[in-house]
Amino acid sequence: MELDQALQTFLMESRELLEAMEESLLGLESAPDDPDAINAIFRAAHTIKGSGGLFGLDGIVAFTHVVENVLDRVRAGEAAVNGELIALLLSCRDHIGMLVEQVAAGSAARPDKETEATGIMLLNQLKAYQAGVQERPLVPAAAPSRPQATVLPQPGGAVESGHWHISLRFGQDVLRNGMDPLAFIRYLGNMGEITHVITLPDAMPPSPEMDPESCYLGFEIDFCGDNVDKAAIEGVFEFVRDDCTLRILPPHSRIEEYIQFIAGLPEDKIRLGELLVECGSLTRKELDEALRVQETLRAGCGQEAAPMLGDILVEQGVVPPELVDAALGKQKLAREHKVQESKLIRIQADKLDQLINLVGEMVIAGAATSLLAQRNRDPALHEATSTLSRLVEEIRDSALQLRMVQIGETFNRFNRVVRDVSKELGKDIGLAISGAETELDKSVVEKIGDPLMHLVRNSMDHGIEKAETRMKRGKPAKGTVHLNAYHESGSIVVEVGDDGGGLNREKIFAKALEKGLITASQTLSDQEVYGLIFEAGFSTAEAVTNLSGRGVGMDVVRRNIEALRGTVEIASREGAGTTVKIRLPLTLAIIDGFLMGVGSASYVVPLDLVMECIELGEAERREIRESHYINLRGTVLPFIRLRDRFRERGKAGRRENIVVVQYAGQKAGLVVDELMGEFQAVIKPLGKLFGNLKGISGSTILGSGEVALILDVPALIQRAVNQETQLLAS
Amino acid sequence: MTISIETGNGVCQARVAGEMTIYHAAGMKGELLSCLDRCTELEINLSEVSEMDTAGFQLLLLAKREAANAGKRLRLVAHSPATLEVLDLFNMAHYFGDPVMMPRHGH
Amino acid sequence: MAKTIMIVDDSASLRQVVGIALRGAGYDVIEGCDGKDALAKLNGQKVHLVISDVNMPNMDGITFVKNLKQMPAYKFTPVIMLTTESQEGKKQEGQAAGAKAWVVKPFQPAQMLAAVSKLVMP
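Residues numbered from 1 in each chain as written. Chains lettered and ligands numbered in written order. Predicted model: local features only at pLDDT ≥ 70, side-chain atom pairs only at ≥ 80, totals over all residues. Heavy atoms only, no water.

*Asks:* Explain the overall build of chain C to me, using residue names and the numbers behind them.
*Replies:* The helix and strand tally for chain C stands at five helices and five strands. Walking chain C from its N terminus toward its C terminus, one meets helices and strands in the order β-α-β-α-β-α-β-α-β-α. Every one of the 122 residues in chain C was classed for burial, and the buried ones make up 70%. Relative to all contacts within chain C whose residues are 6 or more apart in sequence, the contacts with residues 24 or more apart total 62%. Accessible surface, chain C as shown: approximately 3600 Å² in total, 54% of it carbon and sulfur. (Helix = DSSP H or I, 4+ residues; strand = E, 2+ residues; numbered from the N terminus. Buried < 20%, exposed > 50% of the residue type's maximum accessible area, 1.4 Å probe, protein only. Contact = heavy atoms within 4.5 Å. Areas by Shrake-Rupley, 256 points an atom, 1.4 Å probe, with all protein chains shown as cover.)

*Asks:* Break down the overall build of chain A for me, citing the residues and quoting the values.
*Replies:* Of regular secondary structure, chain A possesses 24 helices and 21 strands. Taken across its 730 residues, chain A has 47% of its residues classed as buried. Restricting the contact set of chain A to residue pairs at least 6 apart, pairs at least 24 apart contribute 71%. Carbon and sulfur atoms make up 53% of the accessible area of chain A, which amounts to about 36000 Å² in all.

*Asks:* I'd like to hear about the packing of helix H1 (residues 2-30) of chain A against helix H2 (residues 35-54) of chain A, residue by residue, with values.
*Replies:* Residue and element names in this part refer to chain A. The N-to-C vectors of H1 and H2 enclose an angle of 155°; their axes lie 8 Å apart at closest approach. The angle between H1 and H2 places the two elements in the roughly antiparallel class. Crossing hand, H1 versus H2: left-handed. Contact residues: H1 offers Phe10, Glu13, Ser14, Leu17, Leu18, Met21, Ser24, Leu25 and Leu28, while H2 offers Ala37, Ile38, Ala40, Ile41, Ala44, Thr47, Ile48, Ser51 and Gly52. A per-class count over the contact of H1 with H2 returns twelve nonpolar, five polar and one charged. (Axes fitted to C-alpha atoms, helices over the stretch in contact; angles between N-to-C directions. Parallel < 35°, antiparallel > 145°, perpendicular 65-115°, else oblique. Left-handed = near helix turned anticlockwise from the far one by under 90°. Nonpolar A, V, L, I, M, F, W, Y, C, P; charged D, E, K, R; others polar.)

*Asks:* If you had to explain the state of the cysteines to someone new, which residues and values would you point to?
*Replies:* For the coordinates displayed, the defined rule picks out zero disulfides over all chains. Between A:Cys244, a free cysteine, and A:Cys215, which holds the nearest cysteine sulfur, the sulfur-to-sulfur gap is 9.5 Å. (Disulfide = S-S within 2.5 Å.)

*Asks:* Let's hear about the environment of A:Gly189: which residues, and what values?
*Replies:* All names here are of chain A. Looking at the secondary structure, you find glycine 189 in helix H6 (residues 181-191). In this structure glycine 189 comes out as partly exposed when scored by relative accessible area, which is 27%. Separated by 36 residues in sequence, glycine 189 and glycine 225 place their C-alpha atoms 9.2 Å apart.

*Asks:* Could you give me a rundown of the packing of aromatic side chains, with the residues and numbers involved?
*Replies:* Applying the stated criterion across every chain yields a total of ten aromatic pairs over all chains. Both rings, one in A:Phe239 and one in C:Trp102, keep their centres 5.2 Å apart while their planes meet at 75°; by these two values the pair is edge-to-face. One end of the pair, A:Phe239, is in the loop between helix H7 (230-236) and strand S4 (244-249); the other, C:Trp102, is in strand S5 (residues 101-105), on a second chain. Like C:Trp102, A:Phe239 is buried. On the numbers, 5.2 Å between centres and 20° between planes, the contact of A:Tyr603 with A:Phe646 is stacked. (Phe/Tyr/Trp six-rings, centres within 6.5 Å; stacked < 30°, edge-to-face > 60°.)

*Asks:* Explain the interface of chain B and chain C to me, using residue names and the numbers behind them.
*Replies:* On the chain C side, the residues contacting the four residues of chain B number nine residues. Of the roughly 500 Å² buried at the junction of chain B and chain C (both faces included), carbon and sulfur atoms supply 54%. Among the residues of chain B in contact with chain C, B:Ile22, B:Tyr23 and B:Glu51 are the three that bury the most area, contributing 88% of the side total. Taken together, the links from chain B to chain C amount to one salt bridge. For B:Glu19, the salt bridge identified is with C:Lys46, shortest N-O distance 3.3 Å. The tally of links between chain B and chain C comes to six residue pairs in polar contact (both at pLDDT 80 or more). (Buried area = accessible area lost by both parts, 1.4 Å probe. Salt bridge = Lys/Arg side-chain N within 4 Å of Asp/Glu carboxyl O. Polar contact = N/O pair within 3.5 Å; in protein donor to acceptor, adjacent residues only side chain to side chain.)

*Asks:* Which residues make up the sheet that holds strand S14 (residues 610-616) of chain A, and what values do they have?
*Replies:* All names here are of chain A. Strand order across the open sheet formed by five strands is S14-S17-S18-S16-S15, with mixed pairing between neighbours. Whereas interior strands pair on both sides, the edge strands pair on one side only; in this sheet they are S14 and strand S15 (629-632). Ignoring which end each strand starts from, the neighbouring axes of this sheet average 30° apart. (Pairing = 2+ DSSP bridges.)

*Asks:* Quick one: what's the story with the sheet that holds strand S3 (residues 218-224) of chain A, residue by residue and with numbers?
*Replies:* Residues and elements named next belong to chain A. An order of S2-S3-S1-S4 is seen for the four strands of this open sheet, with the pairing classed as antiparallel. Unpaired on one side and paired on the other, strand S2 (193-200) and S4 mark the two borders of the sheet. Direction aside, the axes of adjacent strands within the sheet are offset by 15° on average. Sheet analysis places strand S1 (residues 164-170) next to S3, joined by six bridges and oriented antiparallel. If you follow serine 167 over to S3, its bridge partner there is glutamate 220. Helix-sheet contacts for H6 involve S1, S2 and S3, and the interaxial angle to S3 is about 10°.

*Asks:* Lay out the nonpolar core in plain terms, naming residues and giving numbers.
*Replies:* By size, the foremost hydrophobic cluster in this structure holds 132 residues, and its most contacted members are A:Phe170, A:Ile221, A:Phe237, B:Phe57 and C:Ile51. There are two domains that each give this core at least three residues, and those are domain 1 (2-133 + 322-342) and domain 2 (164-314) of chain A. (Core = buried A, V, L, I, M, F, W, Y, C linked by side-chain atoms within 4.5 Å. Domains from an automatic or database assignment.)

*Asks:* Would you mind going over the side chain of A:Thr64 in detail, with residue names and values included?
*Replies:* Tracing the sequence through the fold places A:Thr64 in helix H3 (residues 58-75). A:Thr64 gets classed as buried once you look at its relative accessible area, which sits at 0%.

*Asks:* So what's going on with the pattern of salt bridges? Which residues, and what values?
*Replies:* Residues and elements named next belong to chain A. Evaluated as defined, the whole model comprises 40 salt bridges over all chains. Linking glutamate 394 and arginine 390 is a salt bridge whose minimum nitrogen-to-oxygen distance equals 3.4 Å. Placement of both glutamate 394 and arginine 390 in helix H15 (residues 379-402) is noted, with a separation of four residues, approximately one turn of the helix. Counted as one network, the salt bridges with shared partners bring together Glu22, Glu29, Arg93, Asp94, Arg416, Arg419, Asp420 and Lys423.

*Asks:* Quick rundown of the interface of chain A and chain C? Include the residues and the values.
*Replies:* How big an interface is tends to be stated in terms of accessible area lost as the parts join. At the junction of the two partners, chain A supplies 58 residues and chain C supplies 50 residues. Between chain A and chain C we count two salt bridges in total. Elements with a minimum of two residues in the side of chain A that touches chain C: H1, H2, H3, H6, H7, helix H12 (321-328) and helix H13 (332-342) of chain A. The element that contributes the greatest number of residues to the side of chain A that touches chain C is H2(A), accounting for nine residues. Tallied by class, residues from the side of chain A that touches chain C come to 25 nonpolar, 16 polar and 17 charged.

*Asks:* Talk me through the confidence of the model for chain C; I want residue IDs and the actual numbers.
*Replies:* Atomic detail in the predicted coordinates should be set aside for any region of low pLDDT. All names here are of chain C. Looking at chain C, pLDDT values average 89 and 97% of them are 70 or higher. Ranking the helices and strands of chain C by mean pLDDT puts strand S1 (residues 4-8) first, with 95, and helix H4 (residues 88-97) last, with 81. Here the predicted complex carries an ipTM of 0.91, next to a pTM of 0.58. (pLDDT = per-residue confidence, 0-100.)

See the structure below:
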């Protein structure tokens, strides 16, 4: 359960690291020696490997290990960064991403065949960069055991004891280093049974010289453990190998090994012998035997015992200083990122969604309270509820703010796309990003990735010309795709632009005609003609490429955007480029609405689309009874009677008002009976049954409990404008 | 770590409270030895020792040895669980020769 | 009284898993996401052992250990450094800074628990 949560953290962390890795890899293309980028890439692999190991994700660890090795060489300047290596590392990044996603999908045990094959292929390619790197096996935490000087068979039998004998002499610095002999011996006790311990305080100097922070103790330990080998015992003391003399005699060691053992210790031989007997490691008889043998061997090899463990360790791993410097020069970029991260709290998106749902309910409940207060005509209550609504409004804004994310991260993903696609197409195309800091709701950001992908690919494929054509037109050979975002009157606008050939009006018109989307007699504005490319089955690409041009895509783009209550428009200049403008609501959950009554029904329009309200006098009402537009301060304003539009049967009101709404530069009027003022609308999606109702985008619940419909203003404006154009044309 | 000392009739009673660890070893060495200087019998009460490490244990060893060298008596009394565990692990209760209540399960 | 261990690593999932393992064994655990964060969180409180990664943003493990060891409250506190087998040099550097124990990444939670209990019993 807890571990499951940790695994989720790992998945999220890995995705972020992989994204950072990709970004840095792409950065290397222009600055191949950037140590910060190299470090960031190394660290991503390093961390994924390290954390992956904790979850036993061996597949990820094994693959990432090789990548890390290569990156380590790059970091040390042993392997050069070139386009080929970057491409390979990008593929490796993708492969790690694939492995991570398969863990996320729960198929942790084994990657599928295809992924496995990719892995093998990549590992093969990595080999070229690994050359010269020592293939080191993944060592477990316990240090590998060092070979001990072996003892030549000598005359004399084995001792009786089936226990290990361990002799320890600690160096003076162990305590200062935070290593406590107590803890090691305790740990040893957990591995088996300590049958006997003798603590030797002999080395403690006279009081004045005795440093209370130094260690002066030695230990003789008789130890018995099932399934314990010498390496395991050495492992207990691995952290004090430099600071301690450790001698281990296995069970049933030969007498002569005891002799060597005793000879290697600093204490008096006879005393040690007694200690061994006391410990139970030797019997009295065995000791006598040992001492006798030792006498006879004195002239020989007896004195030089096994080399000190510490000595063996000393000359470990001399590393070139460059490597150290490189590692110390920390990556600035990642650092800045981390500074931010340490101020962040990670929470699950669905918790946030729940909060926003609750805030939505609170807004409704607040509206109900206000309504009651109004009816009761209690000024104090009215005052209190208005304070309350103000606070609720602030809470709503803060809650929505929590879910706001910058669009930059989404944009950045296209660096890779543009790079890959331009290679595929053989065109030189760069990506320019602006407005990356523009914020929008997470729920929106998640859904625009695909449409943007289509548009970017389309721009690269169809928009940007071949280099020769560009040169002929006096444009730089390198094409540019531009991603831009900004806020505009309660919407976020995301633009995908290119400096390519632009749309060819005639060609589109002809194609649409051929496909039967329009008739030859139709007169269409540029906007309308360009809009045709979003029709299903429309494609003008002369060559069908791998990427787009199959006639699917643009219509899907439009549908996706419209599903988000957004719109798409195209601006294009032949020879200069095309820009697709996507306009989306900032959030999908709550809108500041304007409430209007028609007959017995209530309707809501987003407040920021309302320009003004005009009361219609008796004379004007008569004047416009049969028409569909009025003269608004000298301009033609088409309008729609909501009463007619929604077949409202209720009695006509004594008064009528026109609410002027504007969207994407076009204006229209909505004729309603009653203006009911501002209202916070928590958007409830319409059920499936009403899904394709034109002109309605959702519903909301009023404080009174009644349902109000939220008008789809763009659709209504479109309708009004069309009506008007048709009338004008006829 | 604090040591509170009471003296009377040449007997010094030192009560150690808190951590007997390396962090306090330097100060404690001086205090214990000066106690020992001033008396013929030193009783160290360990009942309030919350934590003891090897450095702390060594100080007891040192005090015991210095006392023996000077022909004085040193007694450890009222061992706290933390101190008992150390004496037990190092198998040194007999070295001090004081009556101790050993924990129920030896090693 | 439970012994307190501090784990310093920039990987939240690693801290989480190590935390689960150590708490399960009866230790108290506090976390730091890099050297700087760890120093701020320690703030003089008693810890019995510190586990630190080498490669971290803001303040790397080596600098962190050097700083730690200069503080009177931690000069004898044992430190486990998290290294990789390709970072032999880092291990030496860590040892020089005062981190005398190490665990090689990647490791299993049980391996970490073993290393910790060699130095500090719960």
